[in-house]
Amino acid sequence: MILSESIISEKAVIGSGTKIWHHTYIGDDTEIGDNVVIGSLAHIDYNVNIGNNTKIEGQAYIAPLCKIGNDVFIGPAAVLTNDPYPMCNKMSGVTVLDGAIVGARAVIRAGVTIGRNSVVGMGSVVIRDVPDDVVVMGVPATIRYTRAEYDTKKKRWQES
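Anyway, here's the lowdown on the structure attached to this text.

What counts and what doesn't
- Residues numbered from 1 in each chain as written.
- Predicted model: local features only at pLDDT ≥ 70, side-chain atom pairs only at ≥ 80, totals over all residues.
- Heavy atoms only, no water.
- 1 Å grid on protein atoms, 1.4 Å probe; cavity = no way out; pocket = protein on both sides within 12 Å on 5 of 7 lines; lining within 4 Å.
- Points joined across faces, edges and corners; volume = space filled by probe spheres on them.
- Helix = DSSP H or I, 4+ residues; strand = E, 2+ residues; numbered from the N terminus.
- Nonpolar A, V, L, I, M, F, W, Y, C, P; charged D, E, K, R; others polar.
- Polar contact = N/O pair within 3.5 Å; in protein donor to acceptor, adjacent residues only side chain to side chain.
- Contact = heavy atoms within 4.5 Å.
- Salt bridge = Lys/Arg side-chain N within 4 Å of Asp/Glu carboxyl O.
- Buried < 20%, exposed > 50% of the residue type's maximum accessible area, 1.4 Å probe, protein only.

## Description of the layout of surface pockets
- Reported here for the largest pocket is a volume of approximately 210 Å³.
- Lining the largest pocket are 13 residues; nearest its centre among them are V119, G121, M137, Y145 and Y150.
- Where the lining of the largest pocket is concerned, the elements lending two or more residues are β18 (119–120), β20 (134–138) and α1 (147–159).
- The leading source of residues in the lining of the largest pocket is α1, at four residues.
- Among the residues making up the lining of the largest pocket, the classes are represented as nine nonpolar, two polar and two charged.

Shown next as structure tokens:
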């Protein structure tokens, strides 16, 4: 389902079951997997790859050359950059591996990799690679605890 008033390049490949909400931009040569949800006002630039079952909330900016895995969550207004030394003519996108979560308004520096099943806390600024299965928070983001601890906290919250 693609809702009205979005701008989607004819060169983009959109998987089956993908939902793209109002006023979203999808650039040239971008590939989006199956069952992806992209929120209103998101900007997914050119040469971006997005895996299956990923959710990108509204107002997120995904810069050119970024790679996002399967089962990833990108929170509202998160920014994935691609220019480590603006205005440089050599770009390097962000890589977000399978199962990762990027919180609202987080900013990820160009060239950084977010590890499998890791969590970036809301409002964090990530300037270096994040290992698998950890939670990072802050400015600059640092490791605070494990993904297992995060999942335990989440479960307690849902049961309260």
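## Remarks on the side chain of N82
- The topology assignment puts N82 in the loop between β13 (79–80) and β14 (95–96).
- Only 3.4 Å separates the side chain of N82 from the backbone oxygen of P64, close enough to count as a polar contact.
- Those residues within four positions of N82 in sequence are excluded, and the remaining contacts are A63, P64, M91, S92, G93 and A110.

## Overview of the pattern of salt bridges
- Counted according to the given criterion, the structure contains two salt bridges.
- Two residues, K55 and E57, come together in a salt bridge whose shortest N-O distance is 3.4 Å.
- On the accessibility criterion, E57 (22% relative accessible area) is partly exposed.
- For R147, the salt bridge is made with D151, and the minimal N-O distance between the two is 3.0 Å. Taken together, the residues span about one helical turn, with R147 and D151 both in helix α1 at a distance of four residues.
- Under the relative-accessibility criterion, R147 is labelled buried at 15%.

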